[in-house]
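One-letter residues, chain by chain:
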Amino acid sequence: MTRRRLILAAVIALLVAAYFLTGADEVLTLANLQAEQDRFQAWLAADPLTVAGGFFLIYVVITAVSLPGATLLTLLGGALFGLGWGLLLISFASSLGATLAALIARTLAREPLERRFATQLERINAGIEREGAFYLFTLRLIPLFPFFVINLVMGLTRMRLTTFYWVSQLGMLPGTAVYVNAGRELGQLESLAGILSPGLIGSFVLIGLFPWLARGLVAIGKRRQLARRFARPSRFDQDIVVIGGGSAGLVASYIASAVKARVALVERDRLGGDCLNTGCVPSKALIRAARLTSEIREAPRYGVSAGAPEVDFAAVMGHVHRAIREVEPHDSRERYAGLGVEVIAGDAVLDDPWRVRIREGETERVITTRHVIIASGARPRVPPLPGLETIEVLTSDNLWQLETLPERLVVLGGGPIGCELGQSFARLGSRVSLVEMGEQLLPREDRDVAGELEARLAEEGVSVRLATRARRVLSDDHGGHVLEVEHGDEHGEAHLERLPFSHLLVAVGRQANVQGLGLEALGVETRGDGTLAVNETLQSVLPNVWACGDVAGPYQLTHASAHQAWHATVNALFGEFKRFRVSYRALPAVTFTDPEVARVGLNEREAHQQGVAVEVTRYALSELDRAIAEGSTRGFVKVLTVPGRDRLLGATIVGPGAGEMLAEFTLAMTHGIGLNKLLGTIHPYPTHSEAVKATAGVWKNAHKPERVLGWLSRYFAWRRGPAVEKAAESAGEQATEQATGKATGKGGQ
């Protein structure tokens, strides 16, 4: 505890002690106030400013320290000052005191509680940030909830104190008015319970429920206004129209059809989207071929001579397209039609929230639907780089049409796509330069994680250019092209360099496909990064228009798209009864380089940015028996936990099979399984998954109960008995003498 907290805690303890030791708790009783009412009135008449100021100050202190007596002081204020002045004084004093109470709770307890209950408070704070003023206002209106409890609990959240103050000022007015008004009849009151009759409490409850009722009425009003604006159909052809047949759209269609909703899926290109046709499937097929090439080169390490690998690039691409064809039936029109989905090949445009106009070749038709799910995906972002228009730029969309291996490949962008493809082409025989504007590869990962990958790429001949900005594309003197880049030296001076290339691969991110859907005319907004603006339930500003997948962000991952698709579909179909907020707390992500980089939850970079206290446990794969046996010991496991506890906040794995090992940590985070239980789980030997248990063991060793172990040491010494103890000492002395003799060359034969 810091010095400031200690001083504050001491001051509060003194105030509480003084309150009870001086008998103030006995003074602040209804009977005593009634008996002394005339004296209080005389004091007020003699010196009104002093009495009013003293009353205000005492009220603030009692409320700030959460002492009993605020209710009785409110009654006294009504008796002394009347309804008008009494309400004015007490309203401001109670709000100021409540704010100080929240500040005290925040200063003393929020930081340690956030360290201990980071995950739970993260969700609470997200709700507070979203609509905390609304909840606080509701609680303030209902006197069933003790105000001092509300003060302390809200102080532990991240609600702004200014918001807390003005909401409290307004929300406590009705209850304060009732008590102040009752105080005008202080002499006739028989008990505090008589102030709040059942009828009055019921009225307050209705007042407290009013904001919720108002919110519902506003929502109904918005829907009716929307219906008047766009002429809501009297009947609908479909329950849901899904626009986009990629991962998100396919999952949404599958879920809707599984619960017997009527659903139409509109896709203008190929079903399966980026994942099947240009992303996950082809890239992993290419990575497999590249890894095999690397393994052949490294075979002599294991005593196997296979010669230099010969790469037939056309055959490699044949393997890639064969993988696409074999996976394709899983996402086919026939499969989804068999599930009851109406699959439509065409372009979809929203005429209004309930009507989707579909162009199929030369024909058009309009489908009416209760809900629309936008799952239109994203496409590679191509920066406005001077000279780029003069060449054929490769992206993750079109590089699969290559027929010959690029001789010189420059990769622009050091994110997951750029690293995966850059390493693969280097292994297949291309001379690769990788240009990254940031200080490290994989900008979202920790520096030590990126360092492992950077070292591996350098070993394999990839020229990694960090902190380097692309300026323009130029033609060289031989009819080829160069990329002019700028980078700084250790003195901060900028230097220009020209990187020749036969092919330029741009991998600087992806942008959402939002144009041409009619969304702008309907008022559906986009965020700064170009994704559709949706709330935590994936609902847009239009109540029946939802979005999921890459078009909604923030994570452009196939499994994230599927995760969102479930939420969007269930919320659309059953949102009148219950809605589910999408959570990314246990969302895994894998970069399929060598070594693989896999992560779930927080890493150190994010924990620092969010101000979350963490404990870091690290286990090197060079200690793992299976890794040693296979001669592949590069990498580590890094786990973040709540300080002093085994609860997981995040895990990062760098090494072979990292993506597969990550599943155990993802399961643990999803279901609240701590490191102690992972340590107690039997893992087969020798496997890579043992690294998970070994990491839990490292954490456990750092938290072993030293005091208990000390007691056990003395207990076992006692059990061995004095003779055994003496013999052990003698044996130890003899061993020491022998060792000393050997060291000096004087002992033994």
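Please refer to the structure higher up on the page.
Residues numbered from 1 in each chain as written. Predicted model: local features only at pLDDT ≥ 70, side-chain atom pairs only at ≥ 80, totals over all residues. Heavy atoms only, no water.

Asks: Would you take a moment to explain the nonpolar core for this structure?
Replies: As a rule of thumb, soluble globular proteins bury nonpolar side chains together. Ile-243 and Ile-374 are the most contacted members of the largest nonpolar core, which totals 51 residues. Those residues in contact with Ile-243 that lie beyond four places of it in its chain are Val-266, Ala-348, Leu-350, Val-356, Val-372, Ile-373, Ile-374, Ala-375, Ser-376 and Leu-517. If you look at the next biggest cluster of nonpolar residues, it comprises 35 residues, including Leu-276, Ala-290, Leu-394 and Val-462. (Core = buried A, V, L, I, M, F, W, Y, C linked by side-chain atoms within 4.5 Å. Buried < 20%, exposed > 50% of the residue type's maximum accessible area, 1.4 Å probe, protein only. Contact = heavy atoms within 4.5 Å.)

Asks: What's the story with the pattern of salt bridges in this structure? I'm lost.
Replies: For the structure on display, the rule yields 36 salt bridges. For Glu-459, the salt bridge identified is with Arg-634, shortest N-O distance 2.8 Å. A residue pair is termed long-range when its members are at least 10 positions apart, and Glu-459 in helix H18 (residues 447–459) and Arg-634 in the loop between helix H22 (625–630) and strand E20 (636–641) qualify at 175 residues. Note that Glu-484 and Arg-498 form a salt bridge whose closest N and O atoms lie 3.7 Å from each other. With Glu-484 in strand E12 (residues 481–488) and Arg-498 in strand E13 (residues 494–501), this pair connects stretches of sequence that are 14 residues apart. The class of Glu-484 is buried, set by a relative accessible area of 3%. The network of salt bridges with common partners includes Glu-298, Arg-301, Arg-427, Glu-452, Arg-456, Glu-459, Glu-460, Asp-594 and Arg-634. (Salt bridge = Lys/Arg side-chain N within 4 Å of Asp/Glu carboxyl O. Helix = DSSP H or I, 4+ residues; strand = E, 2+ residues; numbered from the N terminus.)

Asks: Mind showing me how you'd approach the side chain of Glu-606 here?
Replies: As for its position among the elements, Glu-606 is in helix H21 (residues 604–610). Polar contacts involving the side chain of Glu-606 include one to the side chain of Arg-599, which spans 3.0 Å. For Glu-606, the contacting residues outside a window of four places in its chain are Arg-599 and Gly-601. (Polar contact = N/O pair within 3.5 Å; in protein donor to acceptor, adjacent residues only side chain to side chain.)

Asks: For this particular structure, what's the right way to read the sheet that holds E20?
Replies: Across a sheet, strands are paired by hydrogen bonds formed along the backbone, either parallel or antiparallel in direction. On the basis of which strands lie adjacent, the open sheet formed by 5 strands has the order E17-E18-E21-E20-E19 and antiparallel pairing. Both outer strands of the open sheet, strand E17 (588–591) and strand E19 (615–620), are each paired with one neighbouring strand and no more. Neighbour-to-neighbour, the strand axes of this sheet turn through a mean angle of 10°, independent of strand direction. As paired strands, E20 and strand E21 (residues 648–655) are joined by 6 bridges and run antiparallel to one another. Bridging from a neighbouring strand, Val-637 pairs with Ile-653 of E21. Strands strand E18 (596–601), E19, E20 and E21 of the sheet are contacted by H18, whose axis makes an angle of about 170° with E20. Most of the contacts of helix H25 (residues 690–702) go to E19, to which it runs at about 130°, and overall it touches E19 and E20. (Pairing = 2+ DSSP bridges. Axes fitted to C-alpha atoms, helices over the stretch in contact; angles between N-to-C directions.)

Asks: Would you mind going over the packing of helix H14 (residues 280–298) against helix H15 (residues 313–327) with me for this structure?
Replies: Each packed pair of helices is defined by two parameters, the angle between the axes and the distance between the axes. Where H14 contacts H15, the two axes come as close as 9 Å, and the packing angle between them is 140°. In terms of their interaxial angle, H14 and H15 are classed as oblique. When you trace H14 past H15, the crossing you get is right-handed. Within the contact between the two elements, H14 uses Val-281, Pro-282, Ala-285, Leu-286 and Ala-289 and H15 uses Val-316, His-319, Val-320, Ala-323, Ile-324 and Val-327. (Parallel < 35°, antiparallel > 145°, perpendicular 65-115°, else oblique. Left-handed = near helix turned anticlockwise from the far one by under 90°.)

Asks: Can you walk me through unusual backbone geometry in this structure?
Replies: Negative phi values dominate among residues other than glycine, just as trans dominates among peptide bonds. Pro-554 follows Gly-553 through a cis peptide bond whose omega is -5°. With respect to the helices and strands, Pro-554 occurs in the loop between strand E16 (545–547) and helix H20 (558–574). Put simply, Tyr-685 and Pro-686 share a cis peptide bond, and its omega is -10°. Relative to the assigned elements, Pro-686 resides in the loop between helix H24 (675–679) and H25. The phi dihedral of Lys-260 is positive, around 70°, even though this residue is not glycine. Structurally, the position occupied by Lys-260 is in the loop between helix H12 (247–258) and strand E2 (263–267). Judged by its relative accessible area of 75%, Lys-260 is exposed.

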